[in-house]
Amino acid sequence: MHLDRHRFIRLMGAAGLAAALPLAATAQSAYPTRPVTLIVPAAAGGTTDLAARMVSQALPAVLGQPVIVDNKAGGNGAIAAAQVKRADGDGYTLLMQYSGYHVISPHLVKARNWELADFQPVANVLSAPQIIVVRADLPFNTLAEMVAYARAHPGKLNYASSGNGSLQHVTGAMLAQQAGIELVHVPYKGTGPALQDLLGGQVEMTFGTAPPFMPHIQAGKLKVLAVTGAQRLSSLPQVPTTAEAGFPGVNATSWFAVFAPAATPRPIVERLAADLQKVVQDPTFQQKARDQGAVGDYQGPADLGVRVRRDDAEWARVVKVSNIQAE
């Protein structure tokens, strides 16, 4: 049977596409075939870094490939986010994101280089309330005593944060506003550097998730005045919540979650989410999280997406109403 030239080319193109589809499906189903890099938007020593390292230690056993942690601190998480946004959507470059950078900082930055739509939610792995931490040598032991001291010494208490617009920054501003006190904000490039200056005496206090502070609390170098969540921490049962201490409006909980570039194929996202669910729900991971003052808190892509949208709207309102600004 005679075929004209154009019809022949169309048929050959279709045949080539049909032949390529099984190869593409095979390549995708074979994921992963090489190490996965987990980009962290903060310096080593903070809870975001801890979450990434907990995942990097446990995930290879179920994923079948090494997971490499790469710290890219700076810009309120923008440096790391931009790198992952630009990465190929092949599942080999992922972002371990901190909620403060994802749903608070963007509302304080006029020009930013990424949007929520640039990422696909994969899985939440840890959640943790903030704790209010002060140096052990300061002359107060409760939140009420700290507020009284701040009123008597306006502008004398400096608090460190992991950066302008971070959850620590916003939590400190919320407390100062509700208590009618003046606290001086000192931003750092991550919780690790902030903690070092707190221990070194350069700042008096900070707000943050418990894990990086626990060894120093146990060693008597730091004191905890309150927990900013709805319930006390099992690792710090003697420490009251901010509501119990008389400041119910100071309520802030962080989450730490894995995101992929927006173009990542759905089967790869689902594979990663299923493997992360196994990791987070493992008793060893759960216990390690509790020991550090956090909670192993798995949420899959859909639930994490809902959480992101809800928190983004809530923090946008808080930032606007409280008139919180990046310095």
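One structure accompanies this document, and this report is about it. (Residues numbered from 1 in each chain as written. Predicted model: local features only at pLDDT ≥ 70, side-chain atom pairs only at ≥ 80, totals over all residues. Heavy atoms only, no water.)

### A look at the layout of surface pockets
Quick note on the threshold: Cavities and pockets are found on a 1 Å grid laid over the protein atoms alone: a cavity is a set of points where a 1.4 Å probe fits but cannot escape, a pocket is an open set with protein on both sides within 12 Å along at least five of seven lines, and a lining residue has an atom within 4 Å of such a point. Grid points are joined across faces, edges and corners, and a volume is the space filled by probe spheres set on the points. Each helix is a run of DSSP H or I of at least 4 residues and each strand a run of E of at least 2, with the numbering of both proceeding from the N terminus.
Space inside the largest pocket adds up to approximately 240 Å³. Every element with two or more residues in the lining of the largest pocket is listed here: β4 (119-135) and β10 (295-299). What the second largest pocket holds in volume is close to 150 Å³. Surrounding the second largest pocket, Asn 141, Thr 142, Leu 143, Ile 217, Leu 222, Lys 223, Val 224, Leu 225, Gln 238, Val 239, Pro 240 and Ala 245 form its lining.

### A few points about helix α4 (residues 78-86)
Here is the rule: To sort residues, take the accessible area from a 1.4 Å probe on protein chains only and compare it with the maximum for the residue type: under 20% means buried, over 50% means exposed, and anything in between is partly exposed. We call two residues in contact whenever any of their non-hydrogen atoms come within 4.5 Å of each other.
Of all the residues in α4, the buried ones are Ala 78, Ala 80, Ala 81, Ala 82 and Val 84. Considering only its buried residues, α4 is in contact with β1 (36-40), β3 (93-98), β4 and β9 (253-261).

### Section: the nonpolar core
Heads up, the rule is: Residues enter a nonpolar core if they are buried and are Ala, Val, Leu, Ile, Met, Phe, Trp, Tyr or Cys, with the set joined through side-chain atoms within 4.5 Å. Domain limits in this description derive from either an automatic procedure or a database domain assignment.
In this structure, Met 96, Val 122, Leu 126 and Trp 315 are the most contacted members of the largest nonpolar core, which totals 60 residues. It is helix α10 (residues 266-280) that contributes the most residues to this core, seven residues altogether. When residues are assigned to domains, this core turns out to be shared by domain 1 (36-127 + 254-322) and domain 2 (129-245), each giving three or more. In contact with Val 122, other than residues within four places in its own chain, are Val 258, Phe 259, Ala 260, Val 269, Leu 272, Ala 273, Leu 276, Gln 299, Gly 300, Pro 301 and Leu 304. Core analysis: the next-biggest nonpolar cluster, separate from the first, contains 21 residues, Leu 138, Phe 140, Ala 150 and Phe 207 among them.

### Here's the deal with the pattern of salt bridges
Put simply, the rule is: Any carboxyl oxygen of Asp or Glu that lies within 4 Å of a side-chain nitrogen of Lys or Arg is treated as forming a salt bridge with it.
Tallying each qualifying case throughout the model produces eleven salt bridges. Arg 310 is the salt-bridge partner of Asp 311, the closest N and O atoms lying 3.3 Å from each other. Residue class for Asp 311 comes out buried when judged on its relative accessible area of 13%. Note that Glu 314 and Arg 317 form a salt bridge whose closest N and O atoms lie 2.7 Å from each other. Note that Glu 314 and Arg 317 are positioned in helix α12 (residues 301-322) at a spacing of three residues, about one turn of the helix. Given a relative accessible area of 44%, Arg 317 falls into the partly exposed group.

### Observations regarding the environment of Val 122
Examined against the element boundaries, Val 122 turns out to sit in strand β4. With relative accessibility at 0%, the residue Val 122 sits in the buried group. Once the C-alpha coordinates of Val 122 and Val 258 are considered, the two residues, 136 residues apart in sequence, prove to be 5.5 Å apart.

### Re the pairing of β3
In the case of a regular strand, side chains alternate between the two sheet surfaces. Rule in force here: Following DSSP output, two strands are said to pair if at least two bridges run between them.
Within β3, six of the six residues are buried, leaving the element largely enclosed by the surrounding structure. Burial along β3 is two-sided: the face carrying Thr 93, Leu 95 and Gln 97 and the face carrying Leu 94, Met 96 and Tyr 98 are both buried. In terms of strand pairing, β1 meets β3 through three bridges, oriented parallel. The partner of Leu 38 across the bridge, within β3, is Leu 94.

### Focus on the environment of Leu 108
Positionally, Leu 108 belongs in the loop between α5 (99-103) and β4. Note: C-alpha distance between Leu 108 and Ser 166 (58 residues apart in sequence) is 9.6 Å.

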